[in-house]
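# What the coordinates show
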Amino acid sequence: MKGASAPLSTAAIMPSPIFLWRFKVLLFFIWGFSCCKIGWDSVMRMSVDLRDLFLYEAFLYYNPLLLVTMMVWLWGVNLWIFAQSSVNYAKIFDLDQSHLTHREIWKCATWMTIIVPTSMTAYLYLYSHGEVSLAASQPVLLYTAIALVLIFPFDIFYLSSRYFLLKTLWRIVLPLQAITFSDFFLADILTSMAKVFSDLERSVCRMLHRQVATIAWFEADSVCGSHSVAIPLVLVLPYLFRFFQCLRQYKDTGEKTTLLNALKYSTAVPVIFLSALKYHVFPDRWTSIYRPLWLLSSVLNSLYSFYWDVTRDWDLSAFTRIFKFSKPSIMSNLLYGRRWVYFWVIGSNLVLRCTWTYKLSAHLRHNYLTVFTIIALEIFRRFQWVFFRVENEWNKMNSKSNIQLSMSDTSEEDKLLGSNEHNV
């Protein structure tokens, strides 16, 4: 009896999972409040004329990572919905048994949510208190740590998933092989993150030239300034990657629709470069010639992309499975088979497609809060797009398998009939 009572006493000492979860949530809110309070006090310590410039620089270093964190959170939601529904996303993406589930994705997103704002708070605090060199080291350390985690060769931090991500990125950059669904799916997501990559390039440029927490980058014509040619070049890269993928698909399959898809991505190129011309031509020429062309190309790109989303990527006739959960719940009752869901997705996709060209425009990038909001909305649009794009692919896979099964059954019946005739 004495030996048997030990496990009971140990179990009685251990706190319940609900208590641990509530304790973690409490710590998270305390941490969030502390970061907001320290950050606000640090900003208020500065003079009014430097405050806006300082926030602009801080946003440049940290808003790309904050937006990536948001994308990871929403990707976890995508996987959670797929796990509850009848869509087998692991089969669609050709994932092995060790792929990350939505819980592991959310765990990564949680750590990103803690680390990135903590580094930003430290940057604000140190800079406002005169520790400029220490403040400048914060984004450098954060970017270095993220790069090391991604390429870490040992079997920790989800090695197989990191390897799958890096391999897919390499296939996107160099489409020398047949394009898989994972390749062009991730490449489509990268087009929504084009402004993120542009800000990453500018941040790394300032780190390499030791311009972090200095006023050297205020000069627009400097190597890392707002007039840099590298900005439109980085913005256009995701669209070029997708463009060459479409050409590769046409080479492999001969389908003419892939050429029309390539044309869609090419319409983003004039939007980007016509906008960048504002810094390299006379103001009257920009107003009279290039600005109308920029507006025309923006409308063309938005409408063409919207049309392709609805008719090709989604295929409206196949909206049948995505919100049909294996276990009925409040969410499935609200979403599955509801017409308002499709009206909302189509309407919001059209609006956000039109506003998305704002972030592609180099001459509007100084409104950093507006650009940040538009990029966040574009990430949300892409989050919605994922559901219906994956569902459409799942329906295509099922229809192909059904056709193959029916063809095999027919061939077996023909063989049986042929053998019976021979016997007669």
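None of the values given here were measured: they were computed from a predicted structure. (Residues numbered from 1 in each chain as written. Predicted model: local features only at pLDDT ≥ 70, side-chain atom pairs only at ≥ 80, totals over all residues. Heavy atoms only, no water.)

### Side note on the side chain of E57
For clarity, the cut-off: Runs of H or I in DSSP of at least four residues are treated as helices and runs of E of at least two as strands, each being numbered from the N terminus. Note on classification: 1.4 Å probe, protein chains only; a residue is buried when its accessible area is under 20% of the maximum for its type, exposed when over 50%, partly exposed between these limits. We score Asp and Glu as negative and Lys and Arg as positive, and we do not count His or the chain ends. The term salt bridge refers to a pairing of a side-chain nitrogen on Lys or Arg with a carboxyl oxygen on Asp or Glu at a separation within 4 Å. Residues adjacent in sequence count toward polar contacts only when both atoms are side-chain atoms; beyond that, a polar contact is any pair of N or O atoms within 3.5 Å, and within protein one must be able to donate a hydrogen and the other to accept it.
Inspection of the secondary structure assignment puts E57 in helix α3 (residues 48-84). One buried charged residue, E57, remains without a salt bridge, the closest side chain of opposite sign being R206 at 5.2 Å. At a separation of 2.7 Å, a polar atom in the side chain of E57 contacts the side chain of Y61.

### Considering the UniProt feature "transmembrane region" (unreviewed entry) in the chain
Under the convention used in this document: UniProt positions are given in the numbering used here, feature names are shortened, and annotations may be inferred rather than shown by experiment.
As recorded in UniProt, the sites labelled "transmembrane region" (unreviewed entry) are residues 21-40, 60-83, 104-128 and 140-160. Split by type, residues 104-128 is 100% helix and 0% strand. Its first and last C-alpha atoms lie 37 Å apart. Summarising residues 140-160: 67% helix, 0% strand, and an end-to-end C-alpha distance of 27 Å.

### A few points about helix α10 (residues 230-253)
To be explicit about the condition: Helix span is expected to be 1.5 Å times the residue number reduced by one. Note on bend: at a given residue it equals the angle between the axes fitted to the 7 residues ending there and to the 7 starting there.
The first and last C-alpha atoms of α10 sit 34 Å apart over 24 residues, in line with the 34 Å expected at 1.5 Å per residue. Its axis deflected by about 35 degrees at L237, α10 carries its strongest bend there, up to four residues before the proline P238. Of the residues one or two after α10, G254 is the one with positive phi, at around 75 degrees.

### With respect to the side chain of N63
The test is simple: Residue contacts follow a heavy-atom distance rule, with two residues in contact if any of their heavy atoms lie within 4.5 Å.
Along the chain, N63 turns up in helix α3. You can call N63 buried: its relative accessible area is 7%. Here the side chain of N63 touches F59 through a polar contact of 2.4 Å, landing on its backbone oxygen. Leave out the neighbours within four places in its chain, and N63 touches D199 and F372.

### Some words on unusual backbone geometry
Despite not being glycine, D94 has its phi angle at roughly 55 degrees, a positive value. As for its position among the elements, D94 is in the loop between α4 (89-92) and α5 (102-128). For Y158, which is not a glycine, the phi torsion comes out positive at approximately 55 degrees. Note that Y158 resides in the loop between α6 (132-151) and α7 (159-173).

### Side note on the packing of α5 against α6
Filter applied, for reference: Here an axis means a line fitted to C-alpha atoms, over the contact stretch when the element is a helix, while the angle between two N-to-C directions is reported on a 0 to 180 degree scale. Any angle that falls under 35 degrees is termed roughly parallel, while one over 145 is termed roughly antiparallel, one within 65 to 115 roughly perpendicular, and all others oblique. For a crossing to be left-handed, the near helix must be turned anticlockwise from the far one by less than a right angle; the clockwise case is right-handed. Each residue is assigned to one of three groups, with Ala, Val, Leu, Ile, Met, Phe, Trp, Tyr, Cys and Pro labelled nonpolar, Asp, Glu, Lys and Arg labelled charged, and all others, Gly among them, labelled polar.
One way to put it is that α5 packs onto α6 with a least axis distance of 7 Å and a crossing angle of 165 degrees. In terms of their interaxial angle, α5 and α6 are classed as roughly antiparallel. Remark: the crossing between α5 and α6 carries left-handed chirality. For the pair α5 and α6, the contacting residues are I115, V116, S119, A122, Y123, L126 and Y127 in the first and V132, L134, A135, A136, Q138, P139 and L142 in the second. Looking at the contact of α5 with α6 residue by residue, the class counts come to twelve nonpolar, two polar and no charged.

### Notes on α7
Note the following rule: What the arc covers is the set of directions going from the helix axis to the C-beta atoms.
Taking 1.5 Å of rise per residue, the 15 residues of α7 would be expected to cover 21 Å, and the 21 Å separating its terminal C-alpha atoms lies within 8% of that figure. Taken as a whole, α7 has its buried residues at S161, R162, T168 and I172. Mapping the buried residues of α7 onto a view down its axis gives an arc of 130 degrees, with all of them on the same face. Of the exposed residues in α7, the ones pointing more than 90 degrees away from its buried face are Y163 and W170. Structurally, α7 contributes buried residues whose contacts are with α6, α8 (181-192) and α10.

### Considering the packing of aromatic side chains
Note the threshold: Only the six-membered ring of Trp is used, alongside the rings of Phe and Tyr, when aromatic pairs are assigned; centres must lie within 6.5 Å, and planes under 30 degrees apart are stacked while those over 60 apart are edge-to-face, with the rest tilted. Cation placement over rings: the criterion is NZ of Lys or CZ of Arg within 6 Å of the ring centroid and within 35° of the ring normal.
Within this structure, the stated rule accounts for 23 aromatic pairs. When the ring of F93 is compared with that of F185, the centres are 4.9 Å apart and the planes differ by 70 degrees; the resulting orientation is edge-to-face. Taken together, the positions of F93 in the loop between α4 and α5 and F185 in helix α8 put the pair 92 residues apart, joining distant regions of the chain. Looking at F185, the relative accessible area reads 4%, which means it is buried. Chaining the aromatic ring pairs together yields one cluster made of W75, F93, F181, F184, F185 and W385. The cationic tip of R312 hangs over the ring face of W308; the distance from NZ or CZ to the ring centre is 5.5 Å. It is R382 that lies over the ring of W385; its NZ or CZ is 4.5 Å from the centre.

### Brief notes about the packing of α3 against α6
One can describe the packing of α3 onto α6 by two numbers: an axis separation of 10 Å at closest approach and a directional angle of 30 degrees. With respect to α6, the axis of α3 lies roughly parallel. The element α3 and its partner α6 pack so that their crossing is left-handed. Contacts between α3 and α6 pair L60, Y61, Y62, P64 and L65 from the former with Q138, P139, L142, Y143 and I146 from the latter.

### Details of a nonpolar patch on the surface
Here is the rule we go by: Patch members must show over 30% relative accessible area and no salt bridge, and they are joined within 9 Å when carrying like charges or within 5 Å when they are nonpolar side chains of Val, Leu, Ile, Met, Phe, Trp or Tyr. Using a 1.4 Å probe, accessible areas were evaluated by the Shrake-Rupley method; residue-level cover was limited to the displayed protein chains.
A surface patch of nonpolar side chains, amounting to about 570 Å² of accessible area, comprises F19, L20, F23, L26, L27 and I30. The topology assignment puts F23 in helix α2 (residues 17-44).

### Things to note about the nonpolar core
How we decide: The set of buried Ala, Val, Leu, Ile, Met, Phe, Trp, Tyr and Cys residues whose side-chain atoms join them within 4.5 Å is what this entry labels a nonpolar core.
Grouped together as the largest cluster of nonpolar side chains are 38 residues, with contacts concentrated most on F82, I92, F93, F185, I379, F388 and V390. Where this core is concerned, the elements lending two or more residues are α3, α4, α5, α8, α13 (283-314), α15 (339-360) and α16 (368-423). Considering each element in turn, this core owes the most residues, eleven residues, to α16. What I92 contacts, discounting residues up to four positions off in sequence, is V87, F181, V390, E393, W394 and M397.

### Here we look at the confidence of the model for the chain
Filter applied, for reference: As a per-residue measure, pLDDT tells how confident the predictor is, with possible values from 0 to 100.
With 81% of its residues at a pLDDT of 70 or more, the chain shows a mean pLDDT of 82. Across residues 1-6 the pLDDT falls below 50, and counting only partners more than four positions away or on other chains, this stretch makes zero contacts in the model.

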